[in-house]
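Below, each chain spelled out in residue letters.
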Amino acid sequence: MSDSIFNLNYFEIFSQPVTTEPDVNLLKQKNRELQQQAHPDKFANSSDADKRLAMQKTSLINEAFETLKKPVSRLQYMLTLKGVDMNGETDTSMDGAFLMEQMELRESISEVRNQAEPLDVLATMLADLKSKAKNLTIEFSESYELDDLEKSREIVRKLQFISKAEKEVNEIIEQLEDELI
Amino acid sequence: MALLQISEPGQSTKPHEHKFAIGIDLGTTNSLVASVRSGKADTLSDVDGKHLLPSVVRYSADSIVVGLAAKENQVKDPHNTISSIKRLMGRGVEDLKAQFKSLSDELPYEFAEGDSVVPRIKTAAGNKTAVEISADILKVLKLRGEETLGDELEGAVITVPAYFDDAQRQATKDAATLAGINVLRLLNEPTAAAVAYGLDSGAEGIVAVYDLGGGTFDISIMQLKQGVFEVLSTGGDSALGGDDFDHAIAQWILEQAGVDSSELSSSSLRLVLQEACSAKEALSEHTETEIKIDFSADKNWTGILNREILNTLIDPLIKKTLMSCRRALRDADVDKEQVIDVVMVGGSTRALRVREQVGEFFETEPKVDIDPDRVVAIGAAIQANALVGNDAEGNLLLMDVLPLSLGLETMGGLAEKIISRNTPIPVSRAQEFTTYKDGQTAMAVHVVQGERDLVDDCRSLAKFELRGFPSHVAGAARIRVTFQVDADGLLSVSAKEETSGIEASVEVKPSYGLQDSEIEAMLKASMEFAANDKDARSLREQQVEADRVLEAIDSAMADDGEEMLSAEEREAILQVRQELEISRHNATEAQQLKDAMSKLEKVSAEYVARRMNASVQKSMAGHQVEEFK
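Residues numbered from 1 in each chain as written. Chains lettered and ligands numbered in written order. Predicted model: local features only at pLDDT ≥ 70, side-chain atom pairs only at ≥ 80, totals over all residues. Heavy atoms only, no water.

A.B. asks: Now, about the overall build of chain A: what can you tell me, with residues and values included?
C.D. replies: On a plain count of helices and strands, chain A comes out with 7 helices and 0 strands. Walking chain A from its N terminus toward its C terminus, one meets helices and strands in the order α-α-α-α-α-α-α. At 20 Å, chain A has a C-alpha radius of gyration far larger than the 16 Å of a compact globule built from 181 residues. The buried share of chain A, reckoned over its 181 residues, is 43%. Contacts spanning at least 24 positions in sequence make up 70% of the contacts within chain A whose residues lie at least 6 apart. Of the roughly 9,800 Å² that chain A leaves accessible, carbon and sulfur atoms contribute 51%. Side-chain charges in chain A split into 22 positive and 35 negative, and the spacing between the mean points of these groups amounts to 6 Å. (Helix = DSSP H or I, 4+ residues; strand = E, 2+ residues; numbered from the N terminus. Rg over C-alpha atoms; globule rule 2.2 N^0.38 Å. Buried < 20%, exposed > 50% of the residue type's maximum accessible area, 1.4 Å probe, protein only. Contact = heavy atoms within 4.5 Å. Areas by Shrake-Rupley, 256 points an atom, 1.4 Å probe, with all protein chains shown as cover. Lys, Arg positive; Asp, Glu negative; His and termini not counted. Charge placed at Lys NZ, Arg CZ, Asp CG, Glu CD.)

A.B. asks: Run through the sheet that holds strand 18 (residues 397-399) of chain B, naming residues and quoting values.
C.D. replies: Residues and elements named next belong to chain B. In spatial order, the strands read 17-12-13-14-18; together these 5 strands make up an open sheet with mixed pairing. Of all strands in the sheet, those with a lone pairing partner are strand 17 (339-345) and strand 18, marking the two edges. Between one strand axis and the next, the sheet turns by 25° as a mean value, whatever way the strands run. Bridge count between strand 14 (residues 228-237) and strand 18: 3 bridges; the pairing is parallel. Across the sheet, the residue bridging to Glu 230 is Met 399, located in strand 18. (Pairing = 2+ DSSP bridges. Axes fitted to C-alpha atoms, helices over the stretch in contact; angles between N-to-C directions.)

A.B. asks: Summarise the confidence of the model for chain A; cite the residues concerned and give the values.
C.D. replies: Within chain A, residue pLDDT values average 88, and 94% of them lie at 70 or more. In the model of chain A, helix 5 (residues 96-111) of chain A stands out as the element of lowest mean pLDDT, 84, in contrast to helix 1 (residues 10-13) of chain A, which has the highest, 95. (pLDDT = per-residue confidence, 0-100.)

A.B. asks: How would you explain the nonpolar core if you had to name every residue and give the values?
C.D. replies: Buried together is how nonpolar side chains tend to be arranged in soluble globular proteins. Counting residues in hydrophobic clusters, the biggest one holds 48 residues, and the most contacted among them are Tyr 210, Ile 219, Ile 221, Ile 253, Phe 295, Val 354 and Phe 362 of chain B. No other element matches helix 8 (residues 307-332) of chain B, which puts 10 residues into this core. Composition of this core by domain shows at least three residues from each of domain 1 (21-241 + 314-399) and domain 2 (242-313) of chain B. Among all residues touching Ile 253 of chain B, those that are not within four sequence positions of it are Val 272, Ala 276, Ile 291, Ile 293 and Trp 301 of chain B. Counting 42 residues, the second-largest nonpolar core is a separate cluster that includes Val 72, Phe 98, Leu 122 and Ile 172 of chain A. (Core = buried A, V, L, I, M, F, W, Y, C linked by side-chain atoms within 4.5 Å. Domains from an automatic or database assignment.)

A.B. asks: Outline the sheet that holds strand 22 (residues 442-449) of chain B, supporting the account with residue identities and numerical values.
C.D. replies: Residue and element names in this part refer to chain B. If you trace the 4 strands from one edge of the open sheet to the other, you get 20-19-22-23, paired in antiparallel fashion. Because the sheet does not close on itself, it has two edges, and the strands there are strand 20 (414-419) and strand 23 (459-467). Within the sheet, the average angular offset between the axes of one strand and its neighbour, ignoring direction, is 30°. One ladder, built from 5 bridges, connects strand 19 (residues 406-410) with strand 20; its direction is antiparallel. Among the inter-strand pairings, Gly 407 is bridged to a residue of strand 20, identified as Lys 417.

A.B. asks: Account for the pattern of salt bridges, with residues named and values stated.
C.D. replies: Residues and elements named next belong to chain B. Per the counting criterion, the structure on display carries 45 salt bridges over all chains. A salt bridge links Asp 243 to Arg 87, with the nearest nitrogen and oxygen atoms 3.6 Å apart. Of this pair, Asp 243 sits in helix 6 (residues 242-257) while Arg 87 sits in the loop between strand 7 (81-83) and helix 2 (93-99), and the two are 156 residues apart along the sequence. Note on Asp 243: relative accessible area 12%, which makes it buried. For Arg 584, the salt bridge is made with Asp 547, and the minimal N-O distance between the two is 2.7 Å. Note that Arg 584 is positioned in helix 13 (residues 567-586) and Asp 547 in helix 12 (residues 527-564), a separation of 37 residues in sequence. (Salt bridge = Lys/Arg side-chain N within 4 Å of Asp/Glu carboxyl O.)

A.B. asks: So what about the pairing of strand 17 of chain B? Which residues, and what values?
C.D. replies: All names here are of chain B. Among the 7 residues in strand 17, 6 count as buried, and that is most of the element. Sheet topology places strand 12 (residues 205-212) next to strand 17; 6 bridges connect them, and they run parallel. Its bridge partner being in strand 17, Ala 208 is matched across the sheet by Val 342.

A.B. asks: Just give me the short version of the interface of chain B and chain A, but keep the residues and values in it.
C.D. replies: Each partner contributes residues to the interface: chain B has 34 residues there, and chain A has 24 residues. Inspection of the region where chain B meets chain A yields 6 salt bridges. One salt bridge connects Arg 429 of chain B with Glu 63 of chain A, and the closest N-O pair in it is separated by 2.8 Å. Run the count over chain B and chain A and you get 15 residue pairs in polar contact (both at pLDDT 80 or more). Within the residue set of the side of chain B that touches chain A, elements represented by two or more residues are strand 13 (217-225), strand 14, helix 8, helix 10 (375-387), strand 18 and strand 21 (427-433) of chain B. The biggest single contributor to the side of chain B that touches chain A is helix 8 of chain B, with 6 residues. Of the residues belonging to the side of chain B that touches chain A, the class tally is 15 nonpolar, 9 polar and 10 charged. (Polar contact = N/O pair within 3.5 Å; in protein donor to acceptor, adjacent residues only side chain to side chain. Nonpolar A, V, L, I, M, F, W, Y, C, P; charged D, E, K, R; others polar.)

A.B. asks: Please provide a residue-by-residue account of the domain arrangement of chain B, values included.
C.D. replies: All names here are of chain B. For chain B, the assigned domains read domain 1 (21-241 + 314-399), domain 2 (242-313), domain 3 (406-513) and domain 4 (526-620). Facing the 21 residues of domain 1 at the interface are 17 residues of domain 3. Between domain 1 and domain 3, a total of about 1,700 Å² is buried, with carbon and sulfur atoms accounting for 44% of that surface. Three residues, Asp 166, Gln 170 and Arg 185, lead the burial of domain 1 against domain 3; their summed loss comes to 30% of the area buried on that side. (Buried area = accessible area lost by both parts, 1.4 Å probe.)

A.B. asks: I'd like to hear about the domain arrangement of chain A, residue by residue, with values.
C.D. replies: Per the domain assignment, the segments of chain A are domain 1 (3-69) and domain 2 (96-180). One C-alpha centre belongs to domain 1 of chain A, the other to domain 2 of chain A, and the line joining them spans 31 Å.

A.B. asks: Account for the side chain of Thr 81 of chain B, naming residues and giving values.
C.D. replies: Residue and element names in this part refer to chain B. If you trace the backbone, Thr 81 turns up in strand 7. A polar contact is formed between the side chain of Thr 81 and the backbone oxygen of Asp 77, at a distance of 2.7 Å. When residues no more than four places from it in sequence are discounted, the contact partners of Thr 81 are Val 56, Val 57, Arg 58, Ala 70, Asn 73, Gln 74, Tyr 109 and Arg 270.

A.B. asks: Could you give me a rundown of unusual backbone geometry, with the residues and numbers involved?
C.D. replies: A cis amide bond links Ile 425 of chain B with the next residue in sequence, Pro 426 of chain B, at an omega value of 0°. Following the sequence through the fold, Pro 426 of chain B ends up in the loop between strand 20 and strand 21. Positive phi, close to 50°, is recorded for Ser 15 of chain A, a residue that is not glycine. Positionally, Ser 15 of chain A belongs in the loop between helix 1 and helix 2 (24-38).

A.B. asks: Residue-level account of helix 10 of chain B, with values.
C.D. replies: Compared with an ideal rise of 1.5 Å per residue, which puts 13 residues at 18 Å, helix 10 of chain B spans 18 Å between its outermost C-alpha atoms and is within 8% of the ideal. Among the residues making up helix 10 of chain B, those that are buried are Val 375, Val 376, Ala 377, Ile 378, Gly 379, Ala 380, Ala 381, Ile 382, Gln 383, Ala 384, Asn 385 and Leu 387 of chain B. (Expected span 1.5 Å × (residues − 1).)

A.B. asks: Let's hear about the side chain of Asn 73 of chain B: which residues, and what values?
C.D. replies: Summarising the element assignment, Asn 73 of chain B is placed in the loop between helix 1 (68-71) and strand 7. Looking at Asn 73 of chain B, its side chain comes within polar contact range of the main-chain oxygen of Ala 69 of chain B, at 2.9 Å.

A.B. asks: How would you explain the environment of Ser 15 of chain A if you had to name every residue and give the values?
C.D. replies: Given a relative accessible area of 53%, Ser 15 of chain A falls into the exposed group. Sequence spacing of Ser 15 of chain A and Val 72 of chain A is 57 residues, and the spatial spacing of their C-alpha atoms is 20 Å.

Next comes the structure, spelled out in structure tokens:
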């Protein structure tokens with residue numbers, strides 16, 4: 001591996017095309033291959049400079065892997081490749097219907113413990129969120145292809161909401177399951 | 001002298017150089033040292049054939065005793081005999097108050113008063129920190145390694161619980177430094193166990209390592225594939241272990257006996273804990289056991305503890321470990337059904353109830369066929385061997401993760417996560433912050449570790465200030481804070497104000513860790529020892545070099561000494577060669593050997609040059625000069 005890894009984008013590091021749905025197994029396989037060459041353990045006997053370089057390379061590979069592995073960060077990263085940085089953005093406009101839906105969802109999450117079979121309800125919620133995310137990802141693909149960056153951004157914002165809701169659902173599932181052990 | 005050795009390209013004249021490295025499992029209850037010899041990893045025993053070294057140190061005015069002999073004096077001399085010191089590693093006085101509130105007197109030591117945030121235990125040999133006490137254990141293990149392998153050690157891999165935070169890891173590394181050990185890597189205990197298990201069984205797939213030791217609990221979910229050991233997630237509790245089983249049993253004994261723990265002396269308390277531990281161990285074999293305790297001359301108690309009672313005492317603790325298992329599975333995005341094996345590690349997994357509950361949870365019979373005490377040290381030795389370059393195939397690779405999220409304090413005492421738990425390491429991440437007041441020219445950076453939202457609920461790792469950046473209106477300054485976590489899981493932080501370039505960086509010396517000055521003082525104390533050590537090392541190095549030189553000159557002389565040298569020249573070289581050989585065996589200082597070698601180098605310089613020429617001519621014969629341009 002040449003030092004030029006620092007000049008590659010994350011998809012290039014993993015020899016993958018820029019896509020919303022990369023082959024995750026291929027990513028994992030490639031990750032292991034890259035780590036075999038770059039990991040600091042392979043440079044335990046090298047100079048401090050080489051050790052440092054190994055740490056930086058592996059840090060980069062890890063960062064790239066983590067970014068591409070998770071859907072929201074992957075899409076966000078795709079936007080940065082087109083010059084859109086969503087970190088710290090102040091314009092967060094979103095369509096009202098979506099926001100209303102999210103608020104309702106949050107409400108049902110917070111009241112789920114009162115349901116007869118809370119775990120079943122939560123499982124349905126999760127499935128629902130997953131299918132929404134899938135549709136949004138397809139939409140993103142199209143708008144990204146057409147360079148409609150404004151729309152792509154809005155989709156990512158929606159996905160961020162969904163991912164946050166997923167996390168909340170999972171936390172409650174975890175609590176309920178812990179109570180059952 | 002290197003020119004003497006002219007060999008075929010790609011062929012080394014140096015015999016294969018085997019470097020010695022050890023793996024150390026520095027445990028709460030017992031410690032071990034292992035190494036790879038003749039391709040096989042195994043733990044090393046002491047002169048009595050014992051592999052386990054009890055992690056107990058006894059201090060007296062003129063001696064330090066480590067291991068069984070110390071352990072035997074625990075009840076007799078509780079204040080000077082320190083055990084389970086791992087539980088105090090990287091912990092501050094405040095932490096201990098929080099951690100041990102239920103049995104405030106369970107630590108039968110006297111702590112020195114003072115303004116230091118690091119607890120110091122009063123002993124007959126002076127006040128000792130956890131780092132110093134651990135270093136005393138490490139020294140014994142290092143010596144055992146050197147004596148068994150008969151050579152200088154290149155270094156050691158030292159294992160730590162996966163769930164150890166930055167302060168605890170740093171403390172462990174400090175202890176090794178103090179013991180004069182070159183730390184090749186800090187390795188997570190479950191990862192080490194997986195290496196030993198994986199290489200032994202050849203298993204491939206997703207494996208859970210359940211590691212319940214004396215004082216710590218770890219769960220790691222790992223993917224094993226083609227020599228790559230990839231940690232998918234890790235979880236646990238760095239203050240939960242078999243010791244807690246003992247404490248639960250001890251409390252039960254005290255309740256049954258109607259004895260208030262605050263009325264007991266340190267010795268009696270130790271005795272109750274020891275009896276509790278023996279009873280626990282007995283119940284792995286038998287369904288019930290009798291406990292007899294003489295609290296004092298006129299107060300003794302006898303009772304029966306059976307498995308049912310034991311289970312009710314330890315079930316709440318086992319439940320805590322299972323909750324961690326569930327979280328780790330979720331973090332790894334793995335279903336229980338995907339886990340092909342559950343590997344049981346740590347002495348406390350000998351408890352039948354633990355095996356039973358873990359098997360029930362994972363819906364598979366846990367693997368208990370490997371020695372749960374030794375597997376971690378063996379894994380560490382395999383990693384150490386690979387790190388020093390002895391692993392010929394070089395396929396072994398361990399990919400680990402950060403166990404606990406790292407973050408910064410932001411306004412309102414909130415912790416903002418910069419790197420979340422279970423992120424693969426090494427990792428580097430930066431985050432930009434800004435000022436909240438007009439004209440603000442300094443900013444305090446407070447680094448914390450943990451999963452909670454409030455800074456007060458997380459562990460404080462370090463505080464530093466970034467000063468002197470230009471005055472801006474609120475929100476205009478750009479302060480970029482970069483976290484770098486290395487392959488040992490250790491953090492360093494740097495901060496930079498982007499518009500001015502003002503920079504600050506810190507090695508994260510934990511808030512509750514030792515100050516640099518403290519480490520320095522300890523190092524100074526052991527300096528004399530270190531100086532001797534260094535001399536011995538450089539003499540040893542020169543001896544090796546002398547052997548190499550002798551071998552080279554002998555082989556050259558045998559090769560072409562007759563043709564290339566006159567009788568007098570040969571005689572001169574041989575004589576100086578002889579002097580070197582004598583020095584090789586008699587020299588007590590490295591310099592004497594160096595002198596002898598440079599003398600030989602001088603006298604044979606002409607010979608070297610002739611050989612060089614001959615070799616060049618030989619290799620050029622039959623070729624056109626152009627080819628060499």
